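Read off the chains here:
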Amino acid sequence: MRNLSEARLTSIWRIIVCVAGGLLSLVQMASAQPLTDSDTEQVRRGEYLARAGNCMGCHTTRGGESYAGGRKLNTPFGQFVTPNITPDNETGIGSWSGEDFWQALHYGKSKDGRNLYPAFPYTEYTKITRPDADAIFAYLRSLPPIAQTNPPHKINPPYDNQALLYLWRKWYFNEGVYQPDKSKSDEWNRGNYLVQGLGHCNACHTPRNVWGASQDDQLTGGKIMGSYWYAPSLISPLEAGVSEWPVEDIVELLSTGINSHAVTSGSMATIVRQSLQYLSDYDIRSIAVYLQSLGEKKGDAKAPRKARKMPEQVRQYLALGQEVYEKHCQDCHGQSGEGIPKIYPPLAGNRNVTMSPPLNTIRNVLYGGYPPTTAGNPRPHGMPPYQHFIRDTEIAQVVSYIRNAWGNRGSLVSPEDVDNSRGSEF
Amino acid sequence: MKFFAFILLAMIPGLASAAEPSSSGLSDTLEERVKPCIICHRDADRIDRDAYFPRIAGKPAGYLFNQLRNFRDGRRYYQPMAILLENMSDEYMREIADYFAAQPYAYLEPVVPALTPDEIKSVETLMYSGDPERDLPACGACHGEKLMGVQPAIPGLLGLPHAYLAAQFGGWRNGGIMRGQIPDCMSEIAKKLTQEEVNALVQWLPGLPVSGQSAGADALTPELAQRCRTILSGKEVTR
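These numbers were taken from a predicted model, which means no experiment stands behind them. (Residues numbered from 1 in each chain as written. Chains lettered and ligands numbered in written order. Predicted model: local features only at pLDDT ≥ 70, side-chain atom pairs only at ≥ 80, totals over all residues.)

A few points about the overall build of chain B
At step 1: On a plain count of helices and strands, chain B comes out with 13 helices and zero strands.
At step 2: What you see in chain B, going N to C, is helices and strands ordered as α-α-α-α-α-α-α-α-α-α-α-α-α.
At step 3: The 239 residues of chain B split such that 32% are buried.
At step 4: Taking the intrachain contacts of chain B between residues at least 6 apart in sequence as the baseline, contacts between residues at least 24 apart amount to 70%. (Helix = DSSP H or I, 4+ residues; strand = E, 2+ residues; numbered from the N terminus. Buried ≥ 20, exposed ≤ 12 C-beta atoms within 10 Å, placed from the backbone. Contact = placed C-beta atoms within 7 Å.)

Structure, rendered in structure tokens:
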């Protein structure tokens, strides 16, 4: 039944595609004319949308030409290499039509009809509207063409089998443009569209199953594939759910990279720098309104267990951590983990510190880092990298300590956890 | 006009030092902001002689700025720096580079090298005369007569730990330091040196005391400026 109706849909789509293709060649003829105001307006809108979707984040290698691709994404399924999406005829998408682009974004199919691997997040991009897709395409067409041939993917068998990909799509890919929920505000709908569609937050903030598929469109957090960071749940009040935050605080974190309670690091800092800081006030507010609505309230979550009396052994372990804290951390983060708001994040009550996987906090200690430089925080203070100065045992002790001091509650961390948290794409 | 600009510039450090401590008691200074740098590139008196980390205080600002960008953009490979700088703007990097360039040097006491007189003679020839037969310019021709660097973008060679120097030579010879920079003048030079010469150089250099300033830009001959133009302009390395 499903197949039948799909076949019918496909044939309807073919007709639409043909008609659209015809229209498109008209559009293309028109674009040979001098650019009109509406064309430049479309390009400008496309540039903004490409920022919001952070296309550049994947389609640019470190220090490389913008949008010329070549960035390697390592996943359990093999290594994907992002393609060149500048309008170069040979190595980029210079020969693509607007329809080809729509096929890729909306249906996850390449120009030659092959199914694309979902490393390209068409599972989210399918929600993008046609006018937005056209604007992004117009912008990409306006870029200088860059001749850059990127190495091919190295996909591990059996995942290189297109039949398997076909099945994957049948199972996990739901095609369809975002449909606004009329019972919700315009802001909420805009936020939903940006978070679930163009912004493809799901690509990181959701657990993936063994087939690499997002488990659902719930932003329940997960280890980032091809990265070394954990993307926290945007629902859970124990992780990064923001139902209890004022909208202004959410806006501040997303647009400047830091607020009084939290600071972005790792992959999220990069997203703030490359994308979110450039979003309009309305859009970033919409995202905040939507995210706030997603979060579970504290009361919904399991009530925190009553603090049991700590065994003596644990207490000794944490006391060692406290010594490390006093020596290396206290100067900036304070005697009571209070930090200095918007400069050095507080550790007391900081969910990045206490949340279940200690990965991010361990990495913050090992590698340090500066929060993203943004218009709202152009000269951030930073965290030193301690990997050469504190041994794994001491890092385990101090992380265990801050996860359990000042009212915090978190599992203890072992030196093995510290070692397992190493690694970078550099 | 120039005079007014000078006055304005002269006022900037004054403003910075006059910065009121914030309500948190933290003074709003660059010194506070570069704490993550200081943990490794700290004062010489606190650094282990066998440490890897180079002196950055007093190096030419253009050199420091280029290195910061190179680390961030993957042209110079060193994981800790790449992670630290991943999301930093050019403007902020420029400010940090200027800050360290203006710091009085903190340097290691010279270590008398364990080299034979022949080895010392061969190193000194490379340093001050080069080897025209192998098209090797004198080290001092680019790094300044005093080996304290040349403004704005060539580093000084003194006050650097042996381990760091050895690693850099290894990097240059494997082409691993400045990937993708053509012409890559230092890589070409390092590849022409023998292993014995490299070993002697990295022992000899820490034997010299740090003194004096980096030389002015006019210290470089036009020929060498051309040969090392990518390093000097930084232009061909911008995104």
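We are not done yet, so read on.
Re the overall build of chain A
At step 1: Regarding its fold elements, chain A presents 17 helices and five strands.
At step 2: Here chain A holds 426 residues, and 41% of them are scored as buried.
At step 3: The contacts in chain A between residues at least 6 apart in sequence include a share of 64% that link residues at least 24 apart.

Looking at the interface of chain A and chain B
At step 1: Between chain A and chain B, the residue contacts involve 24 residues of the former and 21 residues of the latter.
At step 2: Residues belonging to the side of chain A that touches chain B are distributed by class as follows: 12 nonpolar, nine polar and three charged. (Nonpolar A, V, L, I, M, F, W, Y, C, P; charged D, E, K, R; others polar.)

Focus: the confidence of the model for chain B
Low pLDDT marks stretches whose predicted atomic positions should not be read closely.
Residue and element names in this part refer to chain B.
At step 1: Of all residues in chain B, 80% have pLDDT values of 70 or greater, and the mean over the chain is 83.
At step 2: When pLDDT is averaged over each helix and strand of chain B, the minimum, 41, is found for helix α1 (residues 2–18) and the maximum, 97, for helix α6 (residues 90–101).
At step 3: Low pLDDT, under 50, characterises residues 1–21; the stretch is placed with six contacts to residues that sit more than four places away or in other chains.
At step 4: Counting interchain partners and residues more than four positions distant, the pLDDT-below-50 stretch residues 235–239 has seven contacts.
At step 5: Confidence metrics for the complex model read pTM 0.87 and ipTM 0.86. (pLDDT = per-residue confidence, 0-100.)

Section: the domain arrangement of chain A
The accessible area lost on association of the parts is a frequent measure of interface size.
At step 1: Each domain of chain A was delimited in the assignment, giving domain 1 (34–172), domain 2 (186–299) and domain 3 (312–420).
At step 2: If you average the C-alpha positions of domain 1 of chain A and of domain 3 of chain A, the two centres end up 38 Å apart. (Domains from an automatic or database assignment.)

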